[in-house]
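Geometric and topological summary
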Amino acid sequence: MMKKKTALVLTLAMVFSLAPLSAYAETITTGGGTASHDVKATYRADSSGGAGGPVYSVDITWGDMAFTYTAEAGIWDPSTHKTTDAEGGVWTVDNEGGNTITVTNHSNTGVTAAFSYAADAGFEGITGTFDNASLNLETAVGTTVEAAPKATASLSLNGALGSTTADNAKIGTITVMLN
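An account of the accompanying structure is given in this report. Nothing here was measured: the structure is a model prediction, and the numbers come from that model.

Regarding the overall build of the protein chain
Counting its regular elements, the protein chain contains 1 helix and 11 strands. Secondary structure elements of the protein chain, listed N to C terminal, follow the sequence α-β-β-β-β-β-β-β-β-β-β-β. A total of 179 residues make up the protein chain; the buried ones form 21% of that total. Of the contacts made within the protein chain by residues no fewer than 6 positions apart, 71% connect residues no fewer than 24 positions apart. Roughly 13,200 Å² of accessible area belongs to the protein chain as shown, and the carbon and sulfur atoms make up 56% of that amount.

Dropping the structure here:
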């Protein structure tokens with residue numbers, strides 16, 4: 001029996017020794033009695049730009065991206081009564097500003113928008129380039145919605161469009177990728 005009591009006392013001593021040192025205990029000994037404890041907190045500014053980290057909100061405004069390819073006139077060959085093929089042509093934008101992409105940053109972090117052009121099948125000879133291959137936009141923190149950081153990039157096309165291409169044919173795709 002003595003061994004059981006000693007084992008019990010040692011077990012209880014071991015269990016209570018595992019309790020965290022910062023624990024605080026009170027005993028209420030009367031009906032209607034109360035116990036209270038202070039709640040403490042520490043404020044730290046989040047260096048990531050906001051609670052939970054970066055929040056991305058970027059508006060992309062597209063021009064209509066409609067172009068016309070005008071082939072240079074060929075040279076008349078009187079011996080065959082045919083026009084020889086022209087050596088090139090000129091791309092024009094159908095509407096003023098229609099080749100422009102505007103990127104507006106409403107995020108709580110800076111963003112980089114990168115642009116790429118991919119020709120559709122059958123139009124691999126046409127390439128697209130941008131006057132700004134990428135745009136670096138500052139965070140919108142501290143700005144009004146109307147004054148959010150924004151910038152533009154414009155698409156130019158190169159290469160010849162075949163004479164059998166239907167009007168308003170889809171010839172490629174622009175992709176905007178953030179960061």
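Looking at unusual backbone geometry
Phi is positive for M65, close to 55 degrees, though the residue is something other than glycine. Looking at where M65 falls in the secondary structure, it is placed in the loop between β1 (58-62) and β2 (67-71). Look at M65 and you get partly exposed, because its relative accessible area is 22%. Not every positive phi belongs to a glycine, and N168 is a case in point at roughly 55 degrees.

Definitions and limits used
Sequence order as written defines the numbering, with residues in each chain counted from 1. Only residues with pLDDT of 70 or above have their local features reported here, since the model is predicted, and side-chain atom pairs are shown and tallied only from 80 upward, although totals for entire chains, interfaces and linings are computed over all residues. Values reported for side chains reflect all heavy atoms of the structure, with hydrogen atoms and water molecules removed beforehand. Starting at the N terminus, helices and strands are each numbered in turn, a helix being any DSSP run of H or I of at least four residues and a strand any DSSP run of E of at least two. Only protein chains enter the calculation, and the probe is 1.4 Å; a residue is then buried if its accessible area is under 20% of its type maximum, exposed if over 50%, and partly exposed in between. Any two residues whose heavy atoms approach within 4.5 Å at even a single point are treated as in contact. Calculation of accessible area relied on Shrake-Rupley with a 1.4 Å probe; when residues are assessed, cover is drawn exclusively from the protein chains displayed.

Don't take any of this as a statement about function, it's just geometry.
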